[in-house]
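# Secondary and tertiary structure notes
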Amino acid sequence: MSLLQATGVRKAFGGVVALEGCSISVEAGSLTGLIGPNGSGKTTLFNVMTGYESVDAGDVVFAGQRITNATPDRVFQLGIGRTFQLTRIFPRLTVLENMHVAAQRQGLAALFGRWSSSKEHARALELLDFVGLTKLSDVPARNLSYGQKKLLEFAYVLVAEPSVILLDEPAGGVNPTMIRYLTERIRALNERGVTFLMVEHNMEFVMGLCDRVVVMNHGVTIADGDPESVRSDPRVLEAYLGA
Amino acid sequence: MQLIVDAIITGVLSGGIYVLMALGLTLIFGVMDIINVGQGALVILGAYLSYLLQQHFHIGLFVGLLITMPVMFALGVGLEVAFVRPIRWERTTLSILVTFAIALLIQGALSLGFSTNLVQMHAWYVDSSLKIGSFYLAWVYIFDFILSVVLVAGLYLLLNRTKFGAGLRASMQNRTAAELVGIDVERISAITFGIGVALAAAGGMAYGATSAFNPNSQYDLISRLLVIIILGGMGSLRGAVVAGLAMLVIEDVTSVVWSPVWASTVFYMLLVVVLVFRPQGLFGQLAGRRQ
Amino acid sequence: MRVWRAVVLIALLALAALFPVLFPNPAVDTVAVLTLLFASAVTAWNAFSGYSGYISIGHAAYFGIGSYAVAIMCQDWHVPGGWLPFLLLPLAGLIAVVFAIPMGWVALRTRRHTFVIVTIAMFFIMQLMAFNLRSVTNGSRGMSLPIPVNWGGAFYDIPFYYVGLAVLLLALTVSWWIRNSKYGLGLLAIRDDEDRARGLGVRTGPFKLTAFVIAAFFFGMVGGLHAYYVESIFPPFAFDPLIDLMVALMAFLGGLGTLAGPVLGAVILVPAQQYFTIWFGKPGYYLMIYGAMFLAIILLLPQGIIPALRARFMRSEALAGPLRRGGDEAMGGAALAGDGEGEGGGGV
C-alpha cells in the first residue's frame, strides 16, 4: 500500500528544470532508497515532498490526502519527518533543548509551562538514549561532531513519532562504525513500523539496508525495484557512467 | 497639469542624485552583505569637502570631484579595513552599529569644523536657471544628472568589462565560491567600500549643489537611501536606479498634488506598502526557505 | 551556589530599593531614574531581539508613541500633576501595542537586513507623523505634561525612581518568564534556524509578533514615564534615533540574550552618556565620543560582558552568582545545566 507518493512533479528554478514529470511511490513499512547522480533532482524531490519547495505541476499525496504545496509545519503535523543533507540542528541550544524544541504541545497553556512536562522530558531522554547521545545532553549542539549532529537530528525528528521519515544522505561524511550504528537504528525503527525513504550516495549502505531502490536521473525516475535488479539495470549504469 | 509635469522632470533629475548615493550603498551590500548606515554622513562629508575646496581654494565644484573622489575612495578603503573587516560575529547587526558609529564620528567632526549652520554651495549653474516652457530649472540639476549618468555608465563598464568587475560580480553572487576560485574577496571588499564612498563624494557634491545642508542632514539622507535600496531590492544595482528615480518622482508629484508636508511621509509609507506584497523589493531575491 | 546567588540578588534588590535614600543628590538621582528607564527598555528589547535574533532598530517609535499618548491623555482628560499620571502608563503601553501589532506584522514578513531597515523606516514614519499631524500632536511646537507642583526640588526624583524600578522589575520578570518557558525556547530556536523550527511545528509567526509587541508595550510605558519626567516633548526628542542605537548598544555591551546583560549595559552606559553630555557639552564633541565609544565596544567586546565573564567562570568551577542566569552564548547552556535540576526542563 502506498503511503507517500509524488506523481508527475515538475519543478523548475528559473531556466533550470530540476524535476520533470517525476513520480515515486513509497510503500508503507518499506525501507526505500533513492539514488542517482549529482544533479538528478533527489534533494529537490525531497523538498517538494516535505513542503520546502512548491511544485510547478504534479501532486504529492500522503495516506490518500493531497499535500501538494503544503507548508513544512503542516507536513510535520501529518507525521512526515525529514533530515537535511547539511544537518540542521539548533547550534546555540543544548542537545536536550534541541529535543525539547521538537516536542510541541498543543494549546495556549503549553506556552506557559516550563520547557517540557515530565512525560516529554522522559521521551526526550529515551530518544537520546536510543541514539546514544545521553551523555552529551547539556552540550551546546554546535560543539558536537558531524556524526553526532546527524544523530541528534535523527533523534529529534523522532520526537513527533512520524510514520514516515525522509533521510537526506544519512551516511554522508560519517565513519563506518557510525554507519553501522545508524543502520541498526533505522532497522529497529522500521521493525516498529516506521517507513523510510532515504537519499544516499553510499551504495553499500543503500543496497545493504533498503528493500527497494528508486533511481533518478535528470529529474525523472529511471528505475525502480529491489537492490539486485537495480544494480544490474543498464539504464542505471549508463546514468552513473554516462553523466 | 503643468505642475505635475514639472514635478516629474524635477523628480527624475533629483532622482539621479539619489541614485548616485544609493548605488554605493547597494553595491557595498551586494558584495559585503553589510549595510553602510554611514553612507548619509559620508555624502555630507563629500558635500562639505566640495564646499571647502570651492570656498578656500576656489576650485569649481565639478572639477573638485577629481580631488574629493579619490580622497574619499582612500577613506572608504581605510574605514573598511580598520572597522568593518575585524567584525567576525553577528556581522549583520554589528556592521550596522559600526557604520552608524562612523556616521556619528563624521557628524560630530563636521559640527565642530563647520558649525551646524546650513550651508549652500554657489556657482553660476546653481544660481541661474534654464527656462523650459513656463518653468525654471536650475542648470545644476541638469549637470548633476549628467554626472550621474556618466558615473553610472562608468560603474557599469567597470563591473562588466574589467577583470576586477568580474571578480566583484562573482563575490556578489557567491562569496565562498569566489574565494575558492582564487578571487581575493577581502581586497575586493575593501575596494568596493572605497568605490561606494567615492560615489558618496560625488553624490555629496551633487546634493550639496541643490540643497542646503548641515551635519544633521545625514539622518534624513540615510533613511531615504535605505528605503530606496530596499524598494529596489538589496544588492540590485538596477533596482537602485529604478527605485531612486521612482521614489523622487513620486515624492515630488505628491508634493504638488497633495502637500509638501506629506510628501516625505509618502516615501516611507510606500516602502511599507510594497513590502506587504513583495518583501524582497522590486528586483531583489526572496530569502527563500533555506535548504 | 544557589544560596550565593540568592544572597547577591537580594543585596542588589535592597540596594536598588534604598538607592535614593542612600544617595539623595538630585543629579545622581536623575541619572538613576534614566538608568532605570533605559534598563527597562533594553530588557524588553532583548526579550524580542535578543531571543529571536530579529534586530529591531525602530522600537524607539513605540517610546515616542507612549510619550505622546501620555501627553495627549493628560491634556484631554485634564489630568493634574502628581501621582495620577503614573496610572496612565499601562494605557500608554497598550496604545503602543495597538500600533505595534500591524506594524510588527508587516515588518516580520521580512528577514535580517531588510527587517532592520523596515523597522528604521517605520520609526521615521512615526516621527514624521508626529511632526505633521499638528492637530493631534501640536507638531514641532511639542506638548507639555502636567507638572506635579507639590514635589519640591529634591523630592521630585523619588516617585519617578520607584515607578521606574517597578517597571524594570516587571520587565525583568517577563523576560525571565519568557526565557524559561516553552515560548522562549521557540524564540531561541527561531534565532538559530527559523525554517527548521517552523518545520518542527514551532508557530513562528505568532511567536515573533508576540515578542515584538511585548517589547513595544514596555517601550510605550518607558516613553510615557520619560515624557512625564522631562515635562515636555518634541518630535525629534520623543522620536530620537539615538535611543534605538543606545538601546542596541547597551544590549550588546551587556550580552545579547542574557537576563542581566541589558541591565548591566544600561548601568554602564547611561551614566557614561550623561557624563559626556555634561562635560563635553558642545554637540560635536559628544557625538564624536559616542561614536568612538560605540566603535570601541563593538570591536573589543563583541560578545558582551556577561558571556565573556561567564566563559571565565565556566573554566574555573567558581561561583558566578546572578551573572550565570539566562544562559546563551556560553558553553554549557546555564538554564538547564549546572544550576541544579528542575530549573527549566527537569523532572516533575
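Our structure's up above, just so we're on the same page.
Residues numbered from 1 in each chain as written. Chains lettered and ligands numbered in written order. Predicted model: local features only at pLDDT ≥ 70, side-chain atom pairs only at ≥ 80, totals over all residues.

### Considerations on the overall build of chain B
Scanning chain B from terminus to terminus reveals 12 helices and 2 strands. Projected onto its principal axes, the C-alpha positions of chain B cover 60 × 50 × 35 Å. For chain B, the residues scored as buried account for 52% of the 291 residues in total. Taking as baseline every contact in chain B between residues at least 6 positions apart, the subset at least 24 positions apart corresponds to 76%. (Helix = DSSP H or I, 4+ residues; strand = E, 2+ residues; numbered from the N terminus. Buried ≥ 20, exposed ≤ 12 C-beta atoms within 10 Å, placed from the backbone. Contact = placed C-beta atoms within 7 Å.)

### Some remarks on the overall build of chain A
If you tally the helices and strands in chain A, you get 10 helices and 10 strands. Relative to its length of 243 residues, chain A is compact, with a C-alpha radius of gyration of 18 Å against a globular reference of 18 Å. Dimensions of chain A, computed from C-alpha atoms along their principal axes, come out at roughly 55 × 40 × 35 Å. Expressed as a percentage of the 243 residues in chain A, the buried residues total 47%. Look at the contacts in chain A between residues 6 or more apart in sequence, and 66% of them connect residues 24 or more apart. (Rg over C-alpha atoms; globule rule 2.2 N^0.38 Å.)

### Regarding the nonpolar core
Counting residues in each nonpolar core, the largest one holds 276 residues, and the members touching the most others are Met99(A), Ala202(B), Ala41(C), Ala121(C), Ala215(C) and Leu249(C). By residue number, the principal contributor to this core is helix 10 (residues 204-230) of chain C, which donates 15 residues. (Core = buried A, V, L, I, M, F, W, Y, C linked by C-beta atoms within 7 Å.)

### Focus: the interface of chain B and chain C
The partner chain C presents 39 residues to the 40 residues of chain B that form the contact. It is helix 4 (residues 91-114) of chain B that provides the largest number of residues to the side of chain B that touches chain C, a total of 16 residues. Its residues assigned to classes, the side of chain B that touches chain C shows 30 nonpolar, 8 polar and 2 charged. (Nonpolar A, V, L, I, M, F, W, Y, C, P; charged D, E, K, R; others polar.)

### Some details on the environment of Asp6(B)
Within the secondary structure, Asp6(B) is located in helix 1 (residues 2-32). Spatially, the C-alpha atoms of Asp6(B) and Thr93(B) are 41 Å apart, while their sequence positions differ by 87 residues.

### Thoughts on the packing of helix 10 (residues 217-232) of chain B against helix 11 (residues 237-257) of chain B
Residue and element names in this part refer to chain B. Two elements in contact, helix 10 and helix 11, have axes whose closest approach is 8 Å; the angle formed by their N-to-C orientations is 125 degrees. On the basis of their axis angle, the class for helix 10 and helix 11 is oblique. Remark: the crossing between helix 10 and helix 11 carries right-handed chirality. In contact with Val227, Ile228, Ile229, Leu231 and Gly232 of helix 10, helix 11 contributes Gly239, Ala240, Val242, Ala243, Gly244 and Met247. Its residues assigned to classes, the contact of helix 10 with helix 11 comprises 8 nonpolar, 3 polar and no charged. (Axes fitted to C-alpha atoms, helices over the stretch in contact; angles between N-to-C directions. Parallel < 35°, antiparallel > 145°, perpendicular 65-115°, else oblique. Left-handed = near helix turned anticlockwise from the far one by under 90°.)

### Things to note about the sheet that holds strand 5 (residues 65-66) of chain A
Residue and element names in this part refer to chain A. Taken together, the 4 strands give an open sheet; going across it, the order is 2-1-4-5, and neighbouring strands pair in antiparallel fashion. Of all the strands in the sheet, just strand 2 (16-27) and strand 5 have a single pairing partner and so form its edges. Against the sheet, helix 1 (residues 42-49) engages strand 1 (2-13), strand 2 and strand 4 (57-62), with an angle of about 115 degrees to strand 1. (Pairing = 2+ DSSP bridges.)

### Looking at the sheet that holds strand 9 (residues 212-217) of chain A
Residue and element names in this part refer to chain A. Read across the open sheet, the 6 strands follow the order 6-7-8-3-9-10; overall the sheet is mixed. Since the sheet does not close on itself, it has two edges, and those belong to strand 6 (80-82) and strand 10 (220-225), each with one partner. Taken over all neighbouring pairs, the strand axes of this sheet differ in orientation by 20 degrees on average, direction set aside. Inspection of the sheet shows strand 6 paired to strand 7 (residues 164-168) by 3 bridges, in the parallel sense. For Gly81, the partnering residue across the bridge sits in strand 7 and is Ile165. Each of strand 3 (31-35), strand 6, strand 7, strand 8 (195-199) and strand 9 touches helix 1; the most contacted strand, strand 7, lies at about 150 degrees to it.

### Description of the environment of Ser111(B)
Residue and element names in this part refer to chain B. Positionally, Ser111 belongs in helix 4. When the 20 C-beta atoms within 10 Å are taken as the criterion, Ser111 is described as buried. Sequence separation between Ser111 and Tyr207 is 96 residues, and the spatial gap between their C-alpha atoms is 18 Å.

### Some remarks on helix 7 (residues 163-173) of chain B
All names here are of chain B. Of all the residues in helix 7, the buried ones are Gly167, Leu168, Ser171 and Met172. Down the axis of helix 7, the buried side of the element spans an arc of 140 degrees, and every buried residue falls inside it. Residues of helix 7 that are exposed and point over 90 degrees away from its buried face: Lys163 and Gln173. Looking at the buried residues of helix 7, the elements they touch are helix 1, helix 6 (139-161), helix 8 (175-180) and helix 9 (185-210). (Arc of directions from axis to C-beta.)

### Some words on unusual backbone geometry
Although it is not a glycine, His218(A) sits at a positive phi angle of roughly 50 degrees. Along the chain, the position of His218(A) falls in the loop between strand 9 and strand 10. Even without glycine at this site, His78(C) takes up a positive phi of about 50 degrees. Its location among the elements puts His78(C) in the loop between helix 3 (60-76) and helix 4 (84-87). The exposed category is assigned to His78(C), around which 8 C-beta atoms lie within 10 Å.

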